[in-house]
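Secondary and tertiary structure notes
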Amino acid sequence: MKFTLSWLKDHLETDAPLDDILYALTDLGLEVEEVINPADSLADFRLGYVKSAEKHPDADRLRVCQVQTDEGDLQIICGAPNAREGITVVVCKPGMYIPGLDLTIKVGKIRGVESHGMMASEKELELSDEHDGIIELPSGEVGQKFTDWLAENDPSKIDPVIDIAITPNRPDALGVRGIARDLAARGLGTLKPAKTAQVEGTFDCPITVTIDEDTRKNGCEVFMGRLIKGVKNGPSPAWLQQRLRAIGLRPISALVDITNFFTIDANRPLHVFDADKVQGNLRVHRAKGGETLMGLDDKEYTFDAGMVVISDDTGVESIGGIMGGLVTGCTETTTNVFLEAAFWDAIEIAKTGRTLKINSDARYRNERGIDPAFNAPAMELATQMILDLCGGEASNVVVAGEVPDVSRAYQLDTDRVQSLVGMKIAPKVQRETLAALGFELDASDMASVPSWRPDVQGSADLVEEVARMASLTKLEGKPMARAHVGVPRAILTPMQQRESMARRTIAALGYNECVTYSFIDQSSAALFGGGADATMLDNPISSEMSHMRPDLLPGLLQAAARNQARGFMDMALFEVGPAFHGGEPGEQHLLASGILIGQTGPKDVHGERRSVDLYDAKADAEAVLSAIKAPAKAQILRGVADWWHPGRSGKICLGPKKVMAVFGEIHPRVLAAMDVKGPAVGFTVFVEEPPFARNKSATRPALVLRDLQAVERDFAFVVNADVESLALVNAAAGADKVLIESVRVFDEFIGGSLGEGKKSLAISVRLQPVDKTLTDEDIAAVSEKIIAKVAGATGGELRG
């Protein structure tokens, strides 16, 4: 929406500076996108006086002028026919930029004579297309700024053009008067009284108008028109042409320019028909489909069934509310004109405009909503302007349909406004604000909405209007009151805290986090115990995302395969998120999974680089469990899922049925199916499984240090070769859960005197007394329990 400052001041009595107006517009929600101020490019130019103008010694058409300026006399060579002694001119000194020529002037020689600047024409300063001579001013002092002279004598030359963005809910701001009303309500001036007119018709209009019954409700509710005969349609006056040109519209003729003026000035699209080209009467109806019309833009349009059009007795003559037809358009020979003002259905206008791909000012405003109550006043005002500019005689107004009743009222709750906005706005100020915007309030604070505000549809909109005028920039940030006194309660739930800690711990271990889709293909899901119909999507994004993931490992392995394809062979990836064991709400579980592939690090001279193994995954899984405060004493058992290597994997449990984590090498069959070059090890921590500590306090417990010396005893057991060391360790640890602090394997021996099918496992058992120092008898008793427990669990014998 473009308009000039002087146009705005036709409706707004204000002395506010341009910058204040621009700031207020944006603050009111009418964002200023651009300001074109001609004064900016003319700021450096000053007035001069030609003291003498003599013929150039080497050119008949050139004059050597001595020009008096604020910096002394300058010699300027000029070829303009009106360059002469005794005139006041606009001087362009060396170093100044000339906008019309797009150059910076310099001192130069013309036919051997130096010239120190130039005297400008209107075209060279982009004031007009006049370039036959230099600017001659009837008044002005030497050294006076040219912009100051224009402001006093010809302000239209430096009239700023303001371009603002209009949101779809503010059709009233598509007219200059609506913008002025907002600024007046903000306090930047006084809204001038609206112009009125009342033209009495001197004869009955020979052209009648009808609206088909199926078109009245959702097409055209009211159509007004009148004939004005005997007009003279020539060029519009200079002031009107200047305003239209300033906002980018091309003046066409007085009649057309008048309709364009009302479109911009009052958000009131109008249309004029050449009455002599209208055959019979006008009818507003819906197209049957297939009709054609040559529009005013010289394009032919074909109508779909249901589009609202205006026809005479011969066929379609106009696209209702969007564009007129070329045949009945007004030209310089038009002497009788039919003026139309109608209220169209916004939805129908938008649908027709999009289908026909027409972007006109009329469509832009009609599809957003115009003021239905202004239909008749607009008809009178436009008639009066036509009579003033073109002459003629007006008929009585013909009317089809009725002006729709859009009256409505909403309650203004002044206390609620202050509560919602967060500012103290006095009730009196709230009422004055709404009154300035055109609302009418009764004694009970029921606010009647003005007809030009279709966007106000409830009490909440009244709050928005008050806040908009009060300026939300005045809001002061205030801390919210605490709901509870003292230390604030934790925002995250214990499970959310545990999830966050697991994520941070794995990242700290050197893993890179992945965020993969929760959807995977059926074949990958089947490798990890999923792929059933219960987790299948009804409408998958693609065939590769057909099922909910049963585990996080498929997504990580797919990411690893993509990285290997790009040459990244060593990687550590992890993800924390849900996996799904069913399709119903709640049939999901929170996992934290990681994979290690390749080597532990880059090559080095110390030879520390090695392939990752299951113990790396085990250590990382234990670190995560420790971070989320899982119980420290846990068992490591076999019996994991079949996507793990059967001999190189395990699970960390609190019992056979309470699995907190699994770790190990991923099965080669799975790696091959997912195109991953192995081996690959990984872990999965079941974040929800470890029990929470009974003590919910964030305070750490006191450090417990034993003042009694620990005792370590070594045992070597001869067991069958197929006995797992883990079974022996678990058996020894269970001999006395109070005294035995730890058990670890430190040696394995196979062969020699042990014979076939036997091996020796040596373990170190650490005993930590609690209440007294252990005697030899106490140690011997525990040792006997360990030997018996291991013998019962593994069949092992103490090696002699």
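Report on the accompanying structure. Throughout this document, residue positions are counted from 1 along each chain, in the order its sequence is written. The predicted origin of the model limits local features to residues at a pLDDT of at least 70 and limits the giving and counting of side-chain atom pairs to 80 or more, whereas totals for whole chains, interfaces and linings rest on all residues. To obtain the side-chain values, all non-hydrogen atoms of the structure were included, while hydrogens and water were left out.

Our focus in this paragraph is the environment of T292. In this text, helices come from DSSP runs of H or I with a minimum length of four residues, and strands from runs of E with a minimum of two, each type numbered from the N-terminal end. Inspection of the secondary structure puts T292 in strand 19 (residues 292–294). T292 sits in the partly exposed class, given a relative accessible area of 41%. For T292 and G422, which are 130 residues apart along the polypeptide, the C-alpha to C-alpha distance reads 57 Å. For each residue, the accessible area found with a 1.4 Å probe, counting protein chains only, is set against the maximum for its type, and the residue is called buried under 20%, exposed over 50%, and partly exposed in between.

Bringing the layout of surface pockets into the picture now. Within this model, the largest pocket holds a volume of roughly 1400 Å³. For the largest pocket, the lining is made up of 38 residues, of which A634, Q635, I636, L726 and N730 are closest to its centre. Put simply, the parts of the chain that give the lining of the largest pocket at least two residues each are helix 18 (614–627), strand 35 (635–637), strand 36 (644–655), strand 37 (658–666), helix 20 (725–733) and strand 40 (740–750). Classification convention: Asp, Glu, Lys, Arg as charged; Ala, Val, Leu, Ile, Met, Phe, Trp, Tyr, Cys, Pro as nonpolar; all other residues, Gly among them, as polar. Looking at side-chain class alone, the lining of the largest pocket contains 20 nonpolar, nine polar and nine charged residues. For each structure, a 1 Å grid was placed over the protein atoms alone; sets of points admitting a 1.4 Å probe that cannot get out are labelled cavities, open sets with protein on both sides within 12 Å along at least five of seven lines are labelled pockets, and lining residues have an atom within 4 Å of a point. Grid points are joined across faces, edges and corners, and a volume is the space filled by probe spheres set on the points.

What follows concerns the sheet that holds strand 21 (residues 308–312). When DSSP finds at least two bridges between two strands, those strands are taken to pair. Spatial strand order, 15-18-21-22-23: five strands in an open sheet with mixed pairing. Because the sheet does not close on itself, it has two edges, and the strands there are strand 15 (209–211) and strand 23 (323–324). The pairing of strand 18 (residues 282–286) with strand 21 spans four bridges and is antiparallel. Bridging from a neighbouring strand, R283 pairs with S311 of strand 21.

Here we come to the packing of helix 8 (residues 254–266) against helix 11 (residues 375–390). The axes used here are C-alpha line fits, helices contributing only the stretch in contact, and every angle between their N-to-C directions lies in the interval 0 to 180 degrees. In the contact formed by helix 8 and helix 11, the axes pass within 10 Å of each other and the chain directions differ by 145 degrees. With respect to the hand of their crossing, helix 8 and helix 11 are arranged in right-handed fashion. Residue-level contacts link A254, L255, I258, F261 and F262 of helix 8 to L381, A382, M385, I386, L389 and C390 of helix 11. Each helix crossing is assigned a hand: it is left-handed if the near helix lies turned anticlockwise from the far helix by less than a right angle, otherwise right-handed if that turn is clockwise. We call two residues in contact whenever any of their non-hydrogen atoms come within 4.5 Å of each other.

So, on to the nonpolar core. To qualify as a nonpolar core, a set must consist of buried Ala, Val, Leu, Ile, Met, Phe, Trp, Tyr and Cys residues joined through side-chain atoms within 4.5 Å. Ranked by size, the top nonpolar core spans 77 residues in total, and within it F3, L8, L25, I164, I179 and L183 carry the most contacts. The greatest single-element share of this core, amounting to seven residues, is contributed by helix 11.

Moving on, we come to the pattern of salt bridges. What counts as a salt bridge is simple: a side-chain nitrogen of Lys or Arg found within 4 Å of a carboxyl oxygen of Asp or Glu. Tallied over the entire structure, the rule returns 41 salt bridges. Put simply, D10 and R243 hold a salt bridge, and the shortest N to O gap is 2.5 Å. Of the two residues, D10 sits in the loop between helix 1 (5–9) and strand 2 (12–13) while R243 sits in helix 7 (residues 238–246), which places them 233 residues apart along the sequence. Taking the relative accessible area as the measure of exposure, R243 reaches 14% and is therefore buried. Between D172 and R453 there is a salt bridge, with the nearest N and O atoms lying 3.6 Å from each other. One end of the pair, D172, is in the loop between strand 13 (161–164) and helix 5 (176–186); the other, R453, is in the loop between strand 29 (446–448) and helix 14 (459–470), with 281 residues separating them in the sequence. Of the two residues, D172 and R453, neither departs from the other in class, the shared state being buried. Three or more residues are tied together by salt bridges with common partners; here these are R170, D172, D182, R453, D455, E465 and R468.

All of the buried residues in helix 12 (residues 414–421) are T414, V417 and V421. Along the axis of helix 12, the buried residues cluster in a sector spanning 50 degrees; they form a single face. The exposed set on the far side of helix 12, more than 90 degrees from its buried face, consists of D415 and S419. Where helix 12 is buried, its residues touch helix 13 (427–436) and helix 14. Of the residues that open helix 12, the one with a side-chain oxygen 3.2 Å from the backbone nitrogen of D415 is D413. Of all possible arcs, the one meant is that of the directions from the helix axis to the C-beta atoms. What qualifies as a polar contact is a pair of N or O atoms within 3.5 Å, subject to a donor-acceptor requirement within protein and to the restriction that residues adjacent in sequence count only when both atoms come from side chains.

Moving on, we get to the state of the cysteines. The disulfide criterion is simple: two cysteine sulfur atoms within 2.5 Å. Applying the stated rule across the entire model yields zero disulfides. Left unpaired, C78 is separated from the closest cysteine sulfur, that of C65, by 5.5 Å. Note on C205: no disulfide assigned, nearest cysteine sulfur contributed by C330 at a separation of 14 Å.

What follows concerns empty space enclosed by the protein. Rolling a probe over the atoms, with the probe sized like a water molecule, indicates the empty space that remains. Scanning the entire structure with this criterion turns up one cavity of 30 Å³ or more. Considered as a void within the structure, the largest cavity measures approximately 50 Å³ in volume. In terms of lining, the largest cavity is formed by G219, V308, G320, I322, W344, D345, E348, I349 and T352. A total of three residues in the lining of the largest cavity trace back to one element, the largest contributor, which is helix 9 (residues 346–356). Residues of the lining of the largest cavity, tallied by class, amount to four nonpolar, three polar and two charged.

Another point: the sheet that holds strand 41 (residues 758–767). What the four strands build is an open sheet, ordered 40-41-39-42; its pairing is antiparallel. With partners counted over all chains shown, the strands left at the sheet margins are strand 40 and strand 42 (797–798), one partner each. By the bridge criterion, 10 bridges tie strand 39 (residues 711–720) to strand 41 in an arrangement that is antiparallel. For N720, the partnering residue across the bridge sits in strand 41 and is K758. The sheet contacts of helix 20 involve strand 39, strand 40 and strand 41, and relative to strand 40 the element is tilted by about 145 degrees. Each of strand 39, strand 40, strand 41 and strand 42 is contacted by helix 21 (residues 776–794), which is oriented at about 25 degrees to strand 39, the strand it contacts most.

With that out of the way, let us pick up the environment of G48. For G48, the location among the structural elements is in strand 4 (residues 46–56). Given a relative accessible area of 0%, G48 falls into the buried group. In the structure, G48 is positioned 39 residues away from I87 in sequence and 8.5 Å away in space, judged by C-alpha atoms. Residue contacts for G48: discarding those within four places in its chain leaves V67, Q68, I87, T88, V89, V91 and V142.

Time to look at helix 5. Owing to its 3.6 residues per turn, the α-helix brings residues three or four apart onto one side. The buried fraction of helix 5 amounts to 11 of the 11 residues, a majority that puts the element mostly inside the structure. Residues of helix 5 that are buried: V176, R177, G178, I179, A180, R181, D182, L183, A184, A185 and R186. One or two steps after helix 5, the chain reaches G187, where phi turns positive at roughly 105 degrees.

All right, on to the pairing of strand 13 then. Side chains V161 and D163 of strand 13 all project onto a buried face; the interleaved residues I162 and I164 project onto the opposite face, where all are buried too. Strand direction decides the pairing type here: strand 1 (residues 2–4) and strand 13, joined by three bridges, are antiparallel. Opposite T4, over in strand 13, you have V161 as the bridge partner. Bridge count for strand 3 (residues 32–36) against strand 13 is four bridges, and the pairing is antiparallel.

Here the residue pair G678 and P679 is connected by a cis peptide bond, since its omega of 0 degrees sits within 30 degrees of zero. Mapped onto the elements, P679 comes out in the loop between helix 19 (668–673) and strand 38 (680–686). For D445, which is not glycine, the phi torsion reads 65 degrees and is therefore positive. Position of D445 among the secondary structure elements: in the loop between strand 28 (440–441) and strand 29. For D675, which is not glycine, the phi dihedral falls at a positive 60 degrees. As for its position among the elements, D675 is in the loop between helix 19 and strand 38. Looking at D675, the relative accessible area reads 56%, which means it is exposed.

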